[in-house]
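Commentary on secondary and tertiary structure
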Amino acid sequence: MAAPIIVVGHRNPDNDAISAAIGYAWLKNELAKRDAVPGEDVPTYVPARLGPLPRETAGVLDKWGIDVPMVINNLFARVSDVMTCDPISIGAKAKIIEAGRVLRKHNVQALVVTNEDGTYKGLISTRMIANRYISATDVLETEGATEMSVAADLIASLDQTVDTVMEHGILTLNKDGRLDEAVSDLMHQPFREAVVLDEDNMPIGIVTRSDIAVHPHRKVILVDHNEVSQAAAGIEDAEVVEIIDHHRIADVSTIYPIKFINMPVGSSATIVTLEAQRYGVTIPREIAAVLLSAVMTDTVVLKSPTATPIDAQVVDFLAEIVGMEPLDFGMEVFSFRGGDDDMPIDKLVSADSKEFDLGEGTVLIAQHETTNLDSCMGREKEMRAYMRELIEKNGYICVLLMVTDIIAEGSQFLCEGNRRIVNRAFGIECTGEGGTWMPGVLSRKKQVASRILEA
Ligand SMILES: [Mn+2]
């Protein structure tokens, strides 16, 4: 069966990045089942994430009983993408004649040699057995030896145990290891095979030099981003098969034409919902909840200027399935974030942050949404100290933190580093204390990042 296709959002994931991945993987699986051709493989889609779960996502997934998507570190081809699973094995104390029979029976070139408990011990290949036979001619070097002596040695060899001929020093691999590194290691050892072991030292696969003649690419669907700098490491090595996004068109490129839906709507989850409607697939309640939560967080309960009438329609549609008032639902999602008082400072400042390259340097724009600006601003000193730490550590020229009050509908700007960049863009005078209240500013993408990039 073909490897599952990964559906994944951007680095430093927000609720939309993870929820849209869950929703779109669900939809693709539904469509795959619907379109299945008897006798042909049905492709499978798995949601993944590139970082920790935001608190509200954890709350929503827990409440609606949805599995947390797996974390992936990169999209490089892995050992498991080329290995032959369930390699044929033989016990270390089996006779060579038995090894010969097994090799013939399964028409393979090598057998994994195992201890009594099934763990890995070594490898025996046709070449190793051939070498043992050729070594029988050494007998001729001894005095008085004849061809009969060689034959006697050959017959004796059949009774020898496998562990006397096998190799111990074969390369062993982890199935999740990077294929390019495994290839280079495999080419630098004298043997044609490498054995893939699990954590318990059990052989689960075998990789030979012929397996690596082709370089597979992991298939991936990107949601909520189309920018290399926001994608998983190894994106250049992967095959992007679809993109669902609502950001600016950036720099992810593909070899083949693909389905690429980019709409200027409030969330990627909105587009996923529209796709489910377009294909006439009924959305179950728990998936509707996940999608609705993402529309609500990305559009700040439809208050953000990024929210469109399409988002409002989608919210009504999803809330109907969930059976809750949209605003009640949205407030519950925001409440999962917990209080601002006890939130670790790194989460509070940078859980939702994005880097922007201005040419002269990189600016970090972070956003923290709250329903209680005062309690948040009570931690101003702490927040500023952490922002300066980020500048120190990452060499940003400026860090802007938008503390967005979703009830009062505005953001308090806190700025560290070169404040002139922000002051110039907005015609304000941010100082090192107190911050600046920006009424109506709710969207980093539409109202803040674009102005700083243009200034
Ligand atoms: Mn989004």
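Residues numbered from 1 in each chain as written. Predicted model: local features only at pLDDT ≥ 70, side-chain atom pairs only at ≥ 80, totals over all residues.

1. Quick notes on unusual backbone geometry
Unusually for a residue other than glycine, D224 sits at a positive phi of about 65°. With respect to the helices and strands, D224 occurs in the loop between β11 (219–223) and β12 (239–245). (Helix = DSSP H or I, 4+ residues; strand = E, 2+ residues; numbered from the N terminus.)

2. Structural notes on the sheet that holds strand β17 (residues 410–417)
Overall, mixed pairing links the five strands, which are arranged β14-β15-β16-β17-β18 in an open sheet. The two strands at the open ends of the sheet, each matched to only one other strand, are β14 (353–357) and β18 (436–439). With direction set aside, neighbouring strand axes in the sheet form an average angle of 25°. Of the pairings in the sheet, the one linking β17 to β18 comprises four bridges and is antiparallel in character. Looking at β18, one finds that S411 is bridged to M438. Along the sheet, helix α13 (residues 380–394) makes contact with β15 (362–370), β16 (398–405) and β17, crossing β17 at roughly 50°. This element, helix α15 (residues 444–454), spans β14, β15 and β16 of the sheet and lies at about 160° to β15. (Pairing = 2+ DSSP bridges. Axes fitted to C-alpha atoms, helices over the stretch in contact; angles between N-to-C directions. Contact = placed C-beta atoms within 7 Å.)

3. Section: the environment of R78
By the element assignment, R78 lies in the loop between β3 (70–71) and β4 (84–85). Under the C-beta neighbour-count criterion, R78 is labelled buried, with 22 such atoms within 10 Å. Remark: the alpha-carbon pair of R78 and D328, spanning 250 residues in sequence, is separated by 44 Å. If we skip the residues at most four places from it in the chain, R78 touches K175, D176, G177, R178 and L179. (Buried ≥ 20, exposed ≤ 12 C-beta atoms within 10 Å, placed from the backbone.)

4. Here's the deal with α13
The first and last C-alpha atoms of α13 sit 21 Å apart over 15 residues, in line with the 21 Å expected at 1.5 Å per residue. What α13 keeps buried is the set M383, Y386, M387 and L390. Looking straight down α13, one finds that the buried residues subtend no more than 105° of arc, so they occupy a single side. Among the exposed residues of α13, those oriented more than 90 degrees off its buried face are K381 and E392. Against α11 (345–350), β15, β16 and β17 lie the buried residues of α13. Positive phi shows up at G395, right after α13, with a value of about 70°. (Expected span 1.5 Å × (residues − 1). Arc of directions from axis to C-beta.)

5. Structural notes on the sheet that holds β4
One open sheet accounts for four strands, arranged β4-β10-β9-β8; its pairing is mixed. In this open sheet, the two strands that pair with only one neighbour each are β4 and β8 (171–173). Alignment of strand β9 (residues 193–197) against strand β10 (residues 203–208), held across five bridges, turns out to be antiparallel. Its bridge partner being in β10, V195 is matched across the sheet by I206. With respect to the sheet, helix α6 (residues 179–187) is in contact with β8, β9 and β10, its orientation differing from that of β8 by roughly 170°.

6. Regarding the pairing of β16
Taken residue by residue, a regular strand's side chains alternate between the two faces of the sheet. Most of β16 is tucked away, with eight of its eight residues classed as buried. Examined bridge by bridge, β15 and β16 share eight bridges and lie parallel to one another. Paired with E369 across the two strands is T404, which belongs to β16. Inspection of the sheet shows β16 paired to β17 by eight bridges, in the antiparallel sense. Across the sheet, T404 pairs through a bridge with S411, a residue of β17. Connecting β16 to the antiparallel partner β17 that follows it, the hairpin turn spans four residues, and E409 within it adopts a positive phi of roughly 55°.

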